[in-house]
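# Per-entry structural report
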Amino acid sequence: YTILSKVHSDRNVYPSAGVLFVHVLEREYFKGEFPPYPKPGEISNDPITFNTNLMGYPDRPGWLRYIQRTPYSDGVLYGSPTVENVGKPTIIEITAYNRRTFETARHNLIINIMSAEDFPLPYQAEFFIRNMNVEEMLASEVLGDFLGAVKNVWQPERLNAINITSALDRGGRVPLPINDMKEGVYVMVGADVPFSSCLREVENPQNQLRCSQEMEPVITCDKKFRTQFHIDWCKISLVDNTKQVSTFQEVIRGEGILPDGGEYKPPSDTLKSRDYYSDFLITLAVPSAIALVLFLILAYIMCCRREGVEKRNMQTPDIQLVHHSAIQKSTKELRDMSKNREIAWPLSTLPVFHPVTGEMVPPLHADSYDNTSMPLMQTQQNLPHQTQIPQQQSAGQY
């Protein structure tokens, strides 16, 4: 038979408020709930993914995050519990999906948030590590090495990891698919002693200037991290909660009685009449009068100030007027020709000499030829004084 779904027993965890909480969803824990491959002796390596949500809700609490890179890697729940959830059990439903057989297995994770004794730690520092991903940083040995390096630099009595956030959740970009390219991770730690002089070196004017020029600042304790962690010292954040001024203002409650403002005087029932004649003049009459004056001035300029054709001709040279008149006559003649192509041909197109004898031929007047049958170029038969050329006869007629 096939198991469609199986529920595990509940698991209880007890994180502290304000301290980093990490819970690993191991694939090996759920492999036993899914049947193996059909071939005996073959190692089962099914792709398994997880879905986590708050019981009765489609998503997780705001402080809890989940990450799983591939179906062949473990899932991780991590986050920093808040003080508001202290004493309230948070039930997380974890559903494992077998991507080969499409079977599911489910169990509940009960998170009982406890109150920390020294929470919150007054001095908090947030580091940005460029060569780490969030799931790599959540590993216990890697996080322990980082806290050990911070403790050597800070020398506190108490040091806790408060929160871990991926750079992608802070608006960072997805890295290129190149080896050793990481997305980066923000790690916030808290301590009970003031910041060391090494951490304060970031606030020096020289280092601030180098950071503004996108240059690496000079930090004396950077070599203690450089062997394993590449820290961007320009993005470090130092928060001193002891110097922060509280913005809470105590509310002073009164007796609930309004002060005496005197006797209420309502407005009068009678309204005075108002004359809108002046408003009419200002709104309509004045703009209309201005527009009328402008119209009269424009009409005088356009109509009464014209120089006329005669004055223009008097100021124009005679040769220019002759040329202008000739152009006008030629243009008019061409336009008349285009309207009716059967009108008399212009005098400029008639021959002025005999094509054979070369004698000068007086131009024909419009009254001496038929204006409806005059060709564009006269043939030799139509020309006066034409000399007849004898035609060649065949050999049999001689």
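Residues numbered from 1 in each chain as written. Predicted model: local features only at pLDDT ≥ 70, side-chain atom pairs only at ≥ 80, totals over all residues. Heavy atoms only, no water.

The test is simple: UniProt positions are given in the numbering used here, feature names are shortened, and annotations may be inferred rather than shown by experiment.
The protein is annotated in an unreviewed UniProt entry as Epsilon-sarcoglycan from Polioptila caerulea. As stated in UniProt under Function (unreviewed entry), the record for the protein gives "Component of the sarcoglycan complex, a subcomplex of the dystrophin-glycoprotein complex which forms a link between the F-actin cytoskeleton and the extracellular matrix." The annotation that UniProt attaches to the protein under Sequence similarities (unreviewed entry) is "Belongs to the sarcoglycan alpha/epsilon family."

## Focus: helix H7 (residues 277-304)
Given 3.6 residues to a turn, an α-helix orients residues that are three or four positions apart in the same direction. Keep this limit in mind: Here a strand is any run of E in DSSP of at least two residues, a helix any run of H or I of at least four, and the numbering for each starts at the N terminus. Here, expected helix span is obtained from the residue count minus one, scaled by 1.5 Å. Bend at a residue means the angle formed by two fitted axes: the first through the 7 residues ending at that position, the second through the 7 residues beginning there.
Here H7 spans 37 Å end to end across 28 residues, near enough to the 40 Å set by a 1.5 Å rise per residue. Of all the bends in H7, the greatest reaches close to 35 degrees and is centred on Ala 285; the proline Pro 287 follows between one and four positions later.

## Some remarks on the layout of surface pockets
Defined as follows: Grid points spaced at 1 Å over the protein atoms alone were grouped into cavities, where a 1.4 Å probe fits but cannot get out, and pockets, open sets with protein on both sides within 12 Å along at least five of seven lines, with lining residues defined by an atom within 4 Å of a point. Grid points are joined across faces, edges and corners, and a volume is the space filled by probe spheres set on the points. Charged means Asp, Glu, Lys or Arg here, nonpolar means Ala, Val, Leu, Ile, Met, Phe, Trp, Tyr, Cys or Pro, and polar covers whatever is left, Gly included.
The calculated volume of the largest pocket comes to roughly 270 Å³. Phe 128, Arg 130, Lys 182, Glu 183 and Gly 184 are, among the 15 residues lining the largest pocket, the residues nearest its centre. Residue composition of the lining of the largest pocket, grouped by class: six nonpolar, three polar and six charged.

## Some thoughts on the UniProt feature "transmembrane region" (unreviewed entry) in the protein
In the UniProt entry, the feature "transmembrane region" (unreviewed entry) is given for residues 280-303. For the annotated span residues 280-303, helix accounts for 100% and strand for 0% of the residues, and the straight-line distance between the end C-alpha atoms is 33 Å.

## Some words on the nonpolar core
For the record, the criterion: Within this scheme, the nonpolar core is defined by two criteria: the residues are buried Ala, Val, Leu, Ile, Met, Phe, Trp, Tyr or Cys, and they are joined through side-chain atoms within 4.5 Å. For the exposure calls, accessible area comes from a 1.4 Å probe over protein chains only, and a residue counts as buried if that area is under 20% of its type's maximum, exposed if over 50%, partly exposed in between.
In terms of nonpolar packing, the biggest core is built from 39 residues, with Phe 127, Met 137, Phe 146, Trp 154, Val 189 and Trp 233 touching the most fellow members. Counting residues in hydrophobic clusters, the runner-up holds 19 residues, among them Phe 21, Trp 63, Ile 92 and Ile 111.

## Things to note about the state of the cysteines
Rules: Disulfides are defined as pairs of cysteine sulfur atoms found within 2.5 Å of each other.
The full count for this structure, using the stated rule, is two disulfides. Here Cys 198 is linked by a disulfide to Cys 221, with a sulfur-sulfur distance of 1.5 Å. Handedness of the Cys 198-Cys 221 disulfide follows from its S-S torsion of about -70 degrees: it is left-handed. In this pair, Cys 198 sits in helix H4 (residues 197-200) while Cys 221 sits in the loop between helix H5 (205-212) and helix H6 (223-226), placing the two residues 23 residues apart along the sequence. Here Cys 198 falls in the buried class, since its relative accessible area comes to 7%. In this model Cys 211 forms its disulfide with Cys 234; the gap between the sulfur atoms is 2.2 Å. Judged by the sign of its S-S torsion, about -90 degrees, the cystine formed by Cys 211 and Cys 234 is left-handed.

## Some details on the sheet that holds strand S9 (residues 123-129)
The cut-off we apply is this: A pair of strands is labelled paired if DSSP reports no fewer than 2 bridges between them. Angles shown run from 0 to 180 degrees and are taken between the N-to-C directions of axes, each axis being a line fitted to C-alpha atoms and, for helices, limited to the stretch in contact.
Read from one edge to the other, the open sheet built from four strands follows the order S10-S11-S9-S12, with strand pairing classed as antiparallel. The two strands at the open ends of the sheet, each matched to only one other strand, are strand S10 (159-166) and strand S12 (237-240). Taken over all neighbouring pairs, the strand axes of this sheet differ in orientation by 15 degrees on average, direction set aside.

## Brief notes about the packing of aromatic side chains
Stated precisely, the cut-off is as follows: Here is the rule: rings of Phe, Tyr and Trp (six-membered ring for Trp) pair when centre to centre is within 6.5 Å. Planes less than 30 degrees apart are stacked, more than 60 are edge-to-face, and the remainder are tilted.
Counted by the stated rule, this structure contains twelve aromatic pairs. Between Phe 127 and Phe 146, the ring centres sit 5.6 Å apart and the planes meet at 80 degrees, which makes this aromatic pair edge-to-face. Separated by 19 residues along the polypeptide, Phe 127 in strand S9 and Phe 146 in helix H3 (residues 140-154) bring together distant segments of the chain. The exposure classification of Phe 127 matches that of Phe 146, with both residues buried.

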